[in-house]
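Chain by chain, the residues:
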Amino acid sequence: MDRLTSMAVFVKAVDLGSFAAAADVLGLSGPMVGKHVLSLETRLGVRLLIRTTRRQRLTDFGQAYYERCKVVLAEAETADALAADQLGEPRGRLRVTMPVHFGRRCVAPVLLRLVQQYPALELDLSFNDRFVDLAEGDYDIAIRTGSLEDKAGVIARRVARQRMIVCASPAYLNVHGYPTTVDTLGQHQAIVYRRSGRISPWLFPSDGHPPEEIIPLNRMRMDDLDAIADAAALGMGLAWLPSWLVSDRIQTGALVALLPDRPAFLYDAYALWLQTPHLPRKVRVAVDALAEALPALMT
């Protein structure tokens, strides 16, 4: 077996804690992961991992070898990136994880155009609202929205600012009236976004102060933005959503944008990637394309 490939499989098995998890991420079978590790152990003449039915652990030599493998693989990645830059266009597999709706409606179209422009570039896209660790998930880029945690070894670049608006259907407003201020939102029913048990507050800019936060009365809580927009269009209550998501519904009259005189909160979207001595051209080109194209889609 190719030694560099076996090293990469071994490192992934250690990072993820099991052969099965590594197999799932790498698109291999569990036995094939085992063969790669066995190939290394046979070549070296020493055990790297001790596995039981419940867990696996590195031997002392395995720990030292694991650390060196990470260095070797990073250098190989850097060498490949240098070669790609010499060739003058992005190439190889670009692995991106992104939120479901923002990814499908905004990010993916930009990346698909990029693939059309560069025939040597491949795409591997994951649409998932949960947080995915860049290193463990084997991704080149992660798209995140909202505030970010300061994490060592991760670089972030803002690629868009989503304008958040309060909206409701004409039918709802005819019955319950139009809220004219943020304070009067509390007198209305709302459909709110909740993920991992936490309700996301509605945010409104406050001059020179942190954003004003409110959680309106709510009978319905959902973890799907499109479903919230659909419920609002049916007259079930107010919704606080990105303008790009509801612009079509507003144009057709299914929803009405409220509080037009109140500045909209701008929800930031970022591209994140792991810090590396040499940023692969495919990553740089993709992030530049997103930063250039996404702002126009946010209105």
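Note that the structure is a prediction, hence the values are computed from the model and not measured.

Thresholds, definitions, all that
- Residues numbered from 1 in each chain as written.
- Predicted model: local features only at pLDDT ≥ 70, side-chain atom pairs only at ≥ 80, totals over all residues.
- Heavy atoms only, no water.
- Helix = DSSP H or I, 4+ residues; strand = E, 2+ residues; numbered from the N terminus.
- Expected span 1.5 Å × (residues − 1).
- Bend = angle between axes of the 7 residues up to and from the residue.
- Buried < 20%, exposed > 50% of the residue type's maximum accessible area, 1.4 Å probe, protein only.
- Contact = heavy atoms within 4.5 Å.
- Polar contact = N/O pair within 3.5 Å; in protein donor to acceptor, adjacent residues only side chain to side chain.
- Patch = residues over 30% accessible without salt bridge, like charges linked within 9 Å, V, L, I, M, F, W, Y side chains within 5 Å.
- Areas by Shrake-Rupley, 256 points an atom, 1.4 Å probe, with all protein chains shown as cover.
- Salt bridge = Lys/Arg side-chain N within 4 Å of Asp/Glu carboxyl O.
- Pairing = 2+ DSSP bridges.
- 1 Å grid on protein atoms, 1.4 Å probe; cavity = no way out; pocket = protein on both sides within 12 Å on 5 of 7 lines; lining within 4 Å.
- Points joined across faces, edges and corners; volume = space filled by probe spheres on them.
- Core = buried A, V, L, I, M, F, W, Y, C linked by side-chain atoms within 4.5 Å.

1. Considering helix α5 (residues 100-117)
Note that an α-helix has 3.6 residues per turn; residues three or four places apart therefore point the same way.
Right, so step 1: Over its 18 residues, α5 extends 24 Å from the first C-alpha to the last, a length consistent with the 26 Å expected when each residue adds 1.5 Å.
Right, so step 2: In α5, a bend of some 45 degrees at Val107 exceeds every other bend along the element, and Pro109, a proline, comes one to four places later.
Right, so step 3: The set of residues buried in α5 consists of Val100, His101, Phe102, Gly103, Cys106, Val107, Ala108, Val110, Leu111 and Leu114.

2. Let's talk about the environment of Gln56
Right, so step 1: Take Gln56: it is sitting in strand β2 (residues 56-58).
Right, so step 2: Assessed through its relative accessible area of 14%, Gln56 is described here as buried.
Right, so step 3: As a C-alpha pair, Gln56 and Ile141 span 85 residues in sequence and 29 Å in three-dimensional space.
Right, so step 4: Setting aside its immediate chain neighbours within four residues, Gln56 contacts Ala13, Val14, Gly17, Ser18, Phe19, Leu49, Ile50 and Arg51.
Right, so step 5: A distance of 3.0 Å separates a polar side-chain atom of Gln56 from the backbone oxygen of Ala13.

3. A few points about a nonpolar patch on the surface
Right, so step 1: Residues Leu44, Val46 and Phe61 make up a contiguous nonpolar surface patch of about 210 Å² in total accessible area.
Right, so step 2: The residue Leu44 is located in helix α3 (residues 30-44) in this model.

4. Quick word on the pairing of strand β5 (residues 141-145)
Right, so step 1: Of all 5 residues in β5, 4 are buried; the element is thus mostly enclosed.
Right, so step 2: Relative to β5, strand β3 (residues 92-98) runs parallel, the two being bridged by 2 bridges. Looking across to β5, one finds that Val96 is bridged to Ile141.
Right, so step 3: Examined bridge by bridge, β5 and strand β14 (residues 265-274) share 4 bridges and lie antiparallel to one another. Paired with Thr145 across the bridge in β14 is Ala269.

5. Description of the layout of surface pockets
Right, so step 1: Its volume calculated, the second largest pocket comes out at about 1,300 Å³.
Right, so step 2: Thr145, Gly146, Ser147, Arg195 and Tyr267 are the residues nearest the centre of the second largest pocket, which is lined by 48 residues in total.
Right, so step 3: Residue assignment for the lining of the second largest pocket shows that the elements contributing at least two residues are α5, α6 (134-137), β5, β6 (154-168), β7 (189-195), β12 (239-242) and β14.
Right, so step 4: If you tally residues by element for the lining of the second largest pocket, the top one is β14, at 6 residues.

6. A look at the side chain of Ser126
Right, so step 1: Inspection of the secondary structure puts Ser126 in strand β4 (residues 121-127).
Right, so step 2: Looking at Ser126, its side chain comes within polar contact range of the side chain of Tyr139, at 3.4 Å.
Right, so step 3: Setting aside chain neighbours within four positions, we find Ser126 in contact with Val96, Thr97, Met98 and Tyr139.

7. So, the nonpolar core
Proteins that are soluble and globular tend to have nonpolar side chains buried together.
Right, so step 1: Counting residues in hydrophobic clusters, the biggest one holds 41 residues, and the most contacted among them are Phe102, Ile141, Ile143 and Leu294.
Right, so step 2: Once residues within four sequence positions are removed from consideration, Ile143 is found in contact with Val96, Thr97, Met98, Pro99, Phe102, Val107, Tyr270, Ala271 and Leu290.

8. Brief notes about the pairing of β14
Right, so step 1: β14 sits mainly inside the fold: 7 of its 10 residues count as buried.
Right, so step 2: As paired elements, β6 and β14 share 10 bridges and run antiparallel to each other. Residue Met164 lies in a different strand from β14, and its bridge partner there is Phe265.

9. Digging into the pattern of salt bridges
Right, so step 1: The full count for this structure, using the stated rule, is 13 salt bridges.
Right, so step 2: The salt bridge involving Glu89 is made with Arg91; its shortest N-O contact spans 3.9 Å.
Right, so step 3: Residue classification places Arg91 among the partly exposed residues on the basis of a relative accessible area of 34%.
Right, so step 4: Between Glu212 and Arg262 there is a salt bridge, with the nearest N and O atoms lying 3.4 Å from each other. Here the residue Glu212 occupies a position in strand β10 (residues 209-214), and Arg262 occupies one in the loop between β13 (256-257) and β14, the gap between them amounting to 50 residues.

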